[in-house]
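Given next are the chains, with one letter for each unit.
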Amino acid sequence: MSRTTIRALPGDDLVSRGPLIRRTIARRPRIVFVTAPAGYGKTTLLSEWTAIDERPAVWATLRGCDDDPAELAALLASSFNASRQIAPSGRALLRGLGVAPLGQAAPTTEAVLEPPEPYLFILDDVQVVESTAGLELLEVVLSRIPDGSTVVLSSRVRLARLERAFRPAEAVVIGLPDLSFDGSLARRVFAQRSVDITLESASALAARAGGWPMGVVLAARVADDAGQIVDVSGSSQPVTAYLAEEVFSLTHPRDRRFLMATSIMSDLSGPDCDSLLRTEGSSDRLDRLAAGHVFLIRTACGHRYRLNQLVRESLLAEFEVEDPDSVRELRGRAGDLFIETDRPTLAMDQFIAGGHRRRAAILLAEIGRRMFSTGRYATIDRWAKAIGDAEIHDHPSLIILSAWNASLQGRDEEADRWMAQAESIAVDVAGPESPGFHSMLSMLRAGRYESGAEAAHLEALAALEAEGPQSPLRDGALWLLGQAQVLLGQRVEAEASFKRASTAATRLGHPNGVVYAESDLMILAMDDGRWDEASVHLDAAMSNIERFGLWEYQSGALTFAAAARLAAYRPEATADLGVPMARGMRSRLAATAALPSLAVRTRLQLIRAASEPSMILRLLSEIDDVYERRPSLGVLDAVVAEVREAYCAQQMSGSGLAPLTPAELRVLPYLQTHLTVDEIAHRLQVSRHTVGSHMRAIYAKLLVTSRSEAVQRAIAVGLLG
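Definitions and limits used
- Throughout, a residue's number is its position along its own chain's written sequence, starting from 1.
- Only residues with pLDDT of 70 or above have their local features reported here, since the model is predicted, and side-chain atom pairs are shown and tallied only from 80 upward, although totals for entire chains, interfaces and linings are computed over all residues.
- Only heavy atoms go into the side-chain values, all of them from the structure, while hydrogens and water stay out.
- Two strands form a pair only when DSSP identifies at least two bridges running between them.
- Helical segments are the DSSP runs of H or I of at least four residues, strand segments are the runs of E of at least two, and each set is numbered from the N terminus.
- An axis is simply a line fitted to the C-alpha atoms; with a helix, the fit covers only the stretch in contact. Between two such axes, the angle follows the N-to-C directions and lies from 0 to 180 degrees.
- What sets the label is the angle itself: under 35 degrees gives roughly parallel, over 145 gives roughly antiparallel, 65 to 115 gives roughly perpendicular, and the rest give oblique.
- The contact rule is simple, with two residues in contact once any of their heavy atoms fall within 4.5 Å.
- Note on residue categories: nonpolar means Ala, Val, Leu, Ile, Met, Phe, Trp, Tyr, Cys or Pro, charged means Asp, Glu, Lys or Arg, and polar means any other residue, Gly included.
- The working definition used for a salt bridge is a side-chain nitrogen of Lys or Arg within 4 Å of a carboxyl oxygen of Asp or Glu.
- Here a helix's expected span is defined as the number of its residues, less one, multiplied by 1.5 Å.
- Categorising residues by exposure relies on relative accessible area from a 1.4 Å probe, with only protein chains included: less than 20% of the type maximum marks a residue as buried, more than 50% marks it as exposed, and the intermediate range marks it as partly exposed.
- Known as pLDDT, the predictor's per-residue confidence is scaled from 0 to 100.
- To form a nonpolar core, buried Ala, Val, Leu, Ile, Met, Phe, Trp, Tyr and Cys residues must be joined to one another through side-chain atoms within 4.5 Å.
- We define a polar contact as two N or O atoms separated by no more than 3.5 Å, with the added condition that, inside protein, one atom must be a possible hydrogen donor and the other a possible acceptor, whereas residues neighbouring each other in sequence contribute only through side-chain atom pairs.
- The pairing test for Phe, Tyr and Trp rings, Trp by its six-membered ring, is centres within 6.5 Å, and the orientation test on the planes gives stacked under 30 degrees, edge-to-face over 60, and tilted for anything in between.
- Each helix crossing is assigned a hand: it is left-handed if the near helix lies turned anticlockwise from the far helix by less than a right angle, otherwise right-handed if that turn is clockwise.
- Here the bend at a residue is taken as the angle between two axes, fitted respectively to the seven residues that end there and the seven that start there.
- We call a crossover right-handed when, viewed with the strands running away from us, the connection from the first strand over the helix to the second turns clockwise.

(A) Representation of the sheet that holds strand 6 (residues 268-269) in the model. Read from one edge to the other, the open sheet built from 3 strands follows the order 6-8-7, with strand pairing classed as antiparallel. The outermost strands of the open sheet, each flanked by one partner alone, are strand 6 and strand 7 (296-298). In this structure, strand 6 lies alongside strand 8 (residues 304-307), joined through 2 bridges in antiparallel fashion. Following the sheet pairing, Leu268 is matched in strand 8 by Tyr305.

Structure below.
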């Protein structure tokens, strides 16, 4: 194809830039700079522009030889010749041009830029013009563009010299913000290939591609071939092939090696790169590369840069194949650098990615308590899994941290395993060896409630004494003290502890702590009929959930459950009971027997809000599961018995059967298991005689004579599911 032929619009993957083009035309600029890396649709935009603009169009695609001013002048003139916009006198001037100095080339080119009517002149790939003489030629020529005409220069690098040559009123710059894809544009690319994708998924894909249109297009092509949405990464063959041909083939080998080595870091600065590579001059190199738009974008944080994610992934994947030993070494250096500059979370990611597990374990042991106090459970969990149990076993603080993390995320068996490990080493751990181990162990003992209310209370007091006013775990210790006081029936003292916990969490900047404490204060207020006060506590908890995105955290389970209870009692407080109820039912799953008080109290709030017998029965059954592991939970035992008895009475009111007592209701669920009477007695921590007596009473009240009949009748009247 001739370099002066107007490019046709592509048949596939075209996302119209019509609105952008029309807005730009309306400004009547003399010069338009379209600047972006490869794959941002610059040439497609130019093609569409020629179709929209009513003025005659002239097109010139530049190549490397056009850095010579004589070659460039000849190309500019021949482009007008091809479009029949050049006057005969201009053609005559061109015939003897040859290789001319700037003094001859510029006047000649100016002559051909003066056709009889306004025109649109497209110059594509102007980044090839780097010489001073070539830029001077463009500067002189463009300064003589006649009124009513527009020249559009497309380039992969910023044409800073040419931009400075024109007043802001004369020029328009179209850059990355204008050309990047958002979710709606990405969705249109998929729609053109008849691939259905939600706006949410399209937005996530566009964000992952850094707004790079070609990244989205390649993903759509892969999805079209596969017949389904496929996650496209920088290591995907279509991406690597495109980058190799359109980007890296034009990048100097030393620059490419620099980008490859630094691709282990997501955020780049000159000092960081110098330290990582043990070199100098990285700041200048980053400035130059960013000016060249090698998918390296300056961030808002001063002289810091970020590579497009797909480009970074492509470079890193290639680096890991070519030189895995260097990758490992550089990740270790990066981890040390981030520790020295007080960026421990970045250091953790580098140590883990580089396989430096022991160094990662040592670092997590140092920062784990602080991270735990701020509620970053998922991050700790991810790191701990990557480090591995073998390394964790060598660090007492990581053992107790793992026990806490598993408990808060409802992984009971894992929590039990780590707790047993922590208990087994507790007597051998000295304070200086593992700061905070014993206080965190006391807190977990208080939360797990394995030895009853009094023991939990004493453990909470011990933790509170160890975690002084400035401790990052102060709010947690106060909340657990309040929990223990609730189970002891010390409601006034519990309310005071929860208020102190909320105050401490607010001061420490711990939104999870605020949510836990305010939720408990809300429940105490509702229990006393202080509904207005309960609403205030709900607002405090919800504001933290909303502000910090805690919707899926266990801390929200009690909040949503209590909100459902408040909505059921005061319908005017919320437009729809179903919303908090649904949230509460979903989030309750993370509240398990690992933290039994929290699990039972969450379900009690949901029962008080529920109206469907099947839902109440399910929640009571889950409470029974908790009681299998923790047979006594202080004053909650009586509360659960009262709720269960009320439900039983309601279900049996029309059956003509006598209601079961709370003690009988505790035995009833075990009748549907294969447990023997002795095993049931052991689970309930009562005598065999007591269980046998309750079973006989159940048979008599349900008018049956066997265990299986009792189960069938209980299901029929809604006492079992």
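The structure having been displayed, the exposition proceeds.
(B) Quick look at the sheet that holds strand 2 (residues 57-61). Ordered by their spatial adjacency, 5 strands build an open sheet running 2-3-4-1-5, and the pairing between neighbours is parallel. Whereas interior strands pair on both sides, the edge strands pair on one side only; in this sheet they are strand 2 and strand 5 (171-174). Between one strand and the next, the sheet's axes are offset by a mean angle of 15°, whatever the strand orientation. Bridging between strand 1 (residues 31-35) and strand 5 involves 4 bridges; their strand directions are parallel. Bridge pairing in strand 5 places Val34 opposite Ile174.

(C) Representation of the packing of helix 13 (residues 253-262) against helix 16 (residues 309-322). Relative to each other, helix 13 and helix 16 sit at 90°, their axes nearing to 8 Å. Judged by the inter-axis angle, helix 13 sits roughly perpendicular to helix 16. Residues Arg256, Arg257, Leu259, Met260 and Ala261 of helix 13 form the contact with helix 16, whose own contacting residues are Leu315, Glu318, Phe319 and Glu322. In the contact of helix 13 with helix 16, the residues fall into 5 nonpolar, no polar and 4 charged.

(D) Quick look at the pattern of salt bridges. The final tally for this structure, using the stated rule, is 49 salt bridges. A salt bridge links Asp527 to Arg491, with the nearest nitrogen and oxygen atoms 3.5 Å apart. Of the two residues, Asp527 sits in helix 28 (residues 511-527) while Arg491 sits in helix 27 (residues 491-508), which places them 36 residues apart along the sequence.

(E) Seen up close, the environment of Leu636. In this structure, Leu636 sits in helix 34 (residues 636-652). Along the sequence, Leu636 and Leu488 sit 148 residues apart, while their C-alpha atoms lie 9.0 Å from each other. Discounting chain neighbours no more than four positions away, the residues touching Leu636 are Leu487, Ser597, Val600, Arg601, Leu604 and Tyr627.

(F) Expanded view of helix 26 (residues 474-487). The end-to-end C-alpha distance of helix 26 is 20 Å, a good match for the 20 Å that 14 residues give at a rise of 1.5 Å each. Counting buried residues along helix 26, 13 of its 14 residues qualify, which places the element largely inside the surrounding structure. Backbone geometry just downstream of helix 26 places Gly489 in the positive-phi region, at approximately 85°.

(G) Summary view of the confidence of the model for the protein. Scored by pLDDT, the protein comes out at a mean of 87, with 92% of its residues at no less than 70. Here residues 85-105 scores under 50 on pLDDT; set against residues more than four positions off or in separate chains, the count is 37 contacts.

(H) Representation of unusual backbone geometry in the model. A positive phi angle is found at Ser194, which is not glycine, with a value near 60°. Among the secondary structure elements, Ser194 is positioned in the loop between helix 9 (183-192) and helix 10 (199-208). Classification of Ser194 as exposed rests on a relative accessible area of 70%. The phi dihedral of Gln685 is positive, around 60°, even though this residue is not glycine. Along the chain, the position of Gln685 falls in the loop between helix 36 (677-684) and helix 37 (688-702).

(I) Quick look at the pairing of strand 2. Most of strand 2 sits out of view: 5 of its 5 residues are buried. Of the two faces of strand 2, both are covered, the one formed by Ala57, Trp59 and Thr61 as well as the one formed by Val58 and Ala60. Sheet topology places strand 2 next to strand 3 (residues 120-124); 5 bridges connect them, and they run parallel. From the neighbouring strand, Ala60 faces strand 3, where its bridge partner is Leu123.

(J) Up close: the nonpolar core. In this structure, Trp212 and Trp404 are the most contacted members of the largest nonpolar core, which totals 200 residues. With 9 residues, the single largest contributor to this core is helix 28. Apart from the residues lying within four places of it in its own chain, the contact partners of Trp404 are Phe372, Met440, Met443, Leu444, Leu480 and Leu595. Ranked by size, the runner-up nonpolar core spans 27 residues in total, among them Ala73, Leu75, Leu135 and Leu138.

(K) Geometry of the side chain of Glu170. By secondary structure assignment, the location of Glu170 is in the loop between helix 7 (160-164) and strand 5. Residue classification places Glu170 among the buried positions, given a relative accessible area of 12%. Of note is the side chain of Glu170, whose polar atom sits 2.9 Å from the side chain of Arg30. Not counting residues up to four positions away in its chain, the partners in contact with Glu170 are Pro29, Arg30 and Ile31.

(L) Fine view of the packing of aromatic side chains. Applying the stated criterion to the full structure yields 9 aromatic pairs. Arranged with centres 5.7 Å apart and planes meeting at 55°, the rings of Trp212 and Tyr242 form a pair that is tilted. With Trp212 in the loop between helix 10 and helix 11 (213-226) and Tyr242 in helix 12 (residues 237-246), this residue pair connects regions lying 30 residues apart in the sequence. Accessibility assignment for this pair places Trp212 and Tyr242 in one class, buried. Ring centres of Phe372 and Trp404 lie 5.6 Å apart, and the angle between their planes is 50°; this geometry places the pair in the tilted category. Note that Phe372 is positioned in helix 19 (residues 357-373) and Trp404 in helix 22 (residues 396-408), a separation of 32 residues in sequence. Classification of Phe372 as buried rests on a relative accessible area of 7%.

(M) Representation of the packing of helix 24 (residues 437-448) against helix 25 (residues 453-466) within the structure. Where helix 24 meets helix 25, the closest approach of the two axes is 8 Å, and the angle between their N-to-C directions is 150°. As judged from the angle between their axes, helix 24 and helix 25 are roughly antiparallel. In the packing of helix 24 onto helix 25, the handedness of the crossing is left-handed. Contacts from Ser439, Ser442, Met443, Arg445 and Ala446 in helix 24 reach Ala456, Glu459, Ala460, Ala462, Ala463 and Ala466 in helix 25. Split by residue class, the contact of helix 24 with helix 25 holds 7 nonpolar, 2 polar and 2 charged.

(N) Layout of helix 19. For helix 19, spanning 17 residues, the distance from its first C-alpha to its last is 23 Å, which sits close to the expected 24 Å at 1.5 Å a residue. Along helix 19, the helix axis deviates most sharply at Ile367, where the bend reaches about 55°. When we look at burial in helix 19, the residues that qualify are Ala360, Ala361, Leu363, Leu364, Ile367, Gly368, Met371, Phe372 and Ser373. Positive phi shows up at Gly375, right after helix 19, with a value of about 80°.

(O) Seen up close, the side chain of Thr602. Topologically, Thr602 is positioned in helix 32 (residues 596-609). Take Thr602: its relative accessible area is 0%, and that puts it in the buried class. Contact partners of Thr602, with chain neighbours within four places excluded, come to Ala557, Leu558, Ala561, Arg588 and Ala591.

(P) Geometry of the pairing of strand 3. Most of strand 3 sits out of view: 5 of its 5 residues are buried. The alternating pattern of strand 3 places Leu120, Ile122 and Asp124 and Phe121 and Leu123 on opposite faces, both of which are buried. Strand direction decides the pairing type here: strand 3 and strand 4 (residues 150-155), joined by 4 bridges, are parallel. By the bridge assignment for strand 4, Ile122 is matched with Val152. Crossover connection from strand 3 via helix 6 (residues 132-142) to parallel strand 4: handedness right-handed.

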